[in-house]
Amino acid sequence: MYRYNFEQNTQHRIEILELNDEKCKFSFEGDLSIANAIRRVMIAEVPVMAIHFVDIIENTSPLSDEFLAQRLGLIPLVSYDADSKMYDWEADADSIDDQKIKVVFTLRQKNLNDTPLEITSQHLEPEFGQVGEMAIRPVRMFSPINGKEVGIPITRLGKNQSVHVRCHALKGFGKMHAKWSPINIATFRHEPEINMDQTQLQSLSFFEKNAIRNSCPMNVFAMDANQDLIVNDIEKCVFCEECIRCAESMKKPRLIKMQHKKNKYIFTVESAGQLKAADIVKKALIVLRKKVDEITQDLSFAQQQQQI
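Residues numbered from 1 in each chain as written. Predicted model: local features only at pLDDT ≥ 70, side-chain atom pairs only at ≥ 80, totals over all residues. Heavy atoms only, no water.

Student: What is the right way to look at the sheet that holds strand β12 (residues 256-271) in this model?
Tutor: Each strand in a sheet pairs with its neighbour through backbone hydrogen bonds, running either in the same direction (parallel) or in the opposite one (antiparallel). Across the sheet, 4 strands lie side by side as β1-β2-β12-β9; this open sheet has antiparallel pairing. Each having just a single partner strand, β1 (13-19) and β9 (183-196) make up the two edges of the open sheet. Neighbour-to-neighbour, the strand axes of this sheet turn through a mean angle of 30°, independent of strand direction. Two elements, β1 and strand β2 (residues 23-29), share 6 bridges in a ladder whose sense is antiparallel. Paired with Glu15 across the two strands is Ser27, which belongs to β2. Across the sheet, helix α1 (residues 32-44) lies against β2, β9 and β12, angled at about 155° from β9, the strand it touches most. (Pairing = 2+ DSSP bridges. Helix = DSSP H or I, 4+ residues; strand = E, 2+ residues; numbered from the N terminus. Axes fitted to C-alpha atoms, helices over the stretch in contact; angles between N-to-C directions. Contact = heavy atoms within 4.5 Å.)

Student: Please clarify how the packing of helix α4 (residues 206-215) against helix α5 (residues 242-249) should be interpreted in this entry.
Tutor: Describing two packed helices takes the angle between their axes plus the distance from one axis to the other. Running from N to C, α4 and α5 point in directions that differ by 150°, and their axes come no closer than 8 Å. In terms of their interaxial angle, α4 and α5 are classed as roughly antiparallel. For the pair α4 and α5, the sense of crossing is right-handed. Across the interface between the two elements, Ala211, Ile212 and Ser215 of α4 pack against Glu242, Cys243, Cys246 and Ala247 of α5. Considered class by class, the residues forming the contact of α4 with α5 number 5 nonpolar, 1 polar and 1 charged. (Parallel < 35°, antiparallel > 145°, perpendicular 65-115°, else oblique. Left-handed = near helix turned anticlockwise from the far one by under 90°. Nonpolar A, V, L, I, M, F, W, Y, C, P; charged D, E, K, R; others polar.)

Student: Help me understand the nonpolar core, please; the structure alone is not making it clear to me.
Tutor: The tendency in soluble globular proteins is for nonpolar side chains to be buried as a group. One finds Phe26, Phe28, Ile38, Met42, Phe267 and Val281 to be the most contacted residues of the largest nonpolar core, which totals 24 residues. Listing elements by their share of this core, those giving two or more residues are β2, α1, β3 (48-59), β9, β12 and α6 (277-307). A total of 7 residues in this core trace back to one element, the largest contributor, which is α6. Beyond its immediate chain neighbours, meaning those up to four positions away, Val281 contacts Cys24, Phe26, Met42 and Val269. In terms of nonpolar packing, the next biggest core, distinct from the first, is built from 22 residues, Ile75, Leu77, Val103 and Val165 among them. (Core = buried A, V, L, I, M, F, W, Y, C linked by side-chain atoms within 4.5 Å. Buried < 20%, exposed > 50% of the residue type's maximum accessible area, 1.4 Å probe, protein only.)

What follows is the structure, given as structure tokens:
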């Protein structure tokens, strides 16, 4: 069976440029069609958990039942354990335990005080007793002011108002609904290449070199210890060509040559919180490889049928 392997295929390389839990920035060298396929799979086909059904038992909050259910559905859920769950259409309701398909959260709050009570994702309690950082649960949200965990706002309750709901979280992917997409941002662009004519560069004065450096809004250029103009951070280049226009104003139209690197792209992936950014990329590659395997099997089967 054919298996696409990025590590063994010398035509496709990935180099990590920036990495943390929320963001993954990497350089991809390979075919444009593969790059676009990776981006599309990350957005639309990486499985995560999301609240899909909401049983409204009591709701006297300012929000209508439909609006409340929508807000609950858009709360991102930590989904590292999503692979252990089955899609609801794969399971036989009569023979499969509910815990293999979904996670159920209960929200039951009543405000008995005069001051408004803010209901957040912190008030969602799992019924099946899942605990720990890797459990399926609402994504933790912290205040940018004091760093305390505040939760994702759902609604506010006035005095004697209450809300009691049961939320059923199911496994899904972005093509079904945006709430199942683990991505905030998934983009890629051509990696830039900047070359400078050294002969013309040496004829520039310090002030002209400094003017070209300052003309770049992304601070791509810098001055080295010898006061020579150098490309310092090419990954920040956005092809605005301000440096070229600055050089042209100095009667140096061929000083800077800017172009795209062939088959080399810079990806920026930002997670919505369900999974770490690097895990989203890994899972997308697994899904893409599985698709290639399925197509290969179908083609092999079709060839065998023709030979019969």
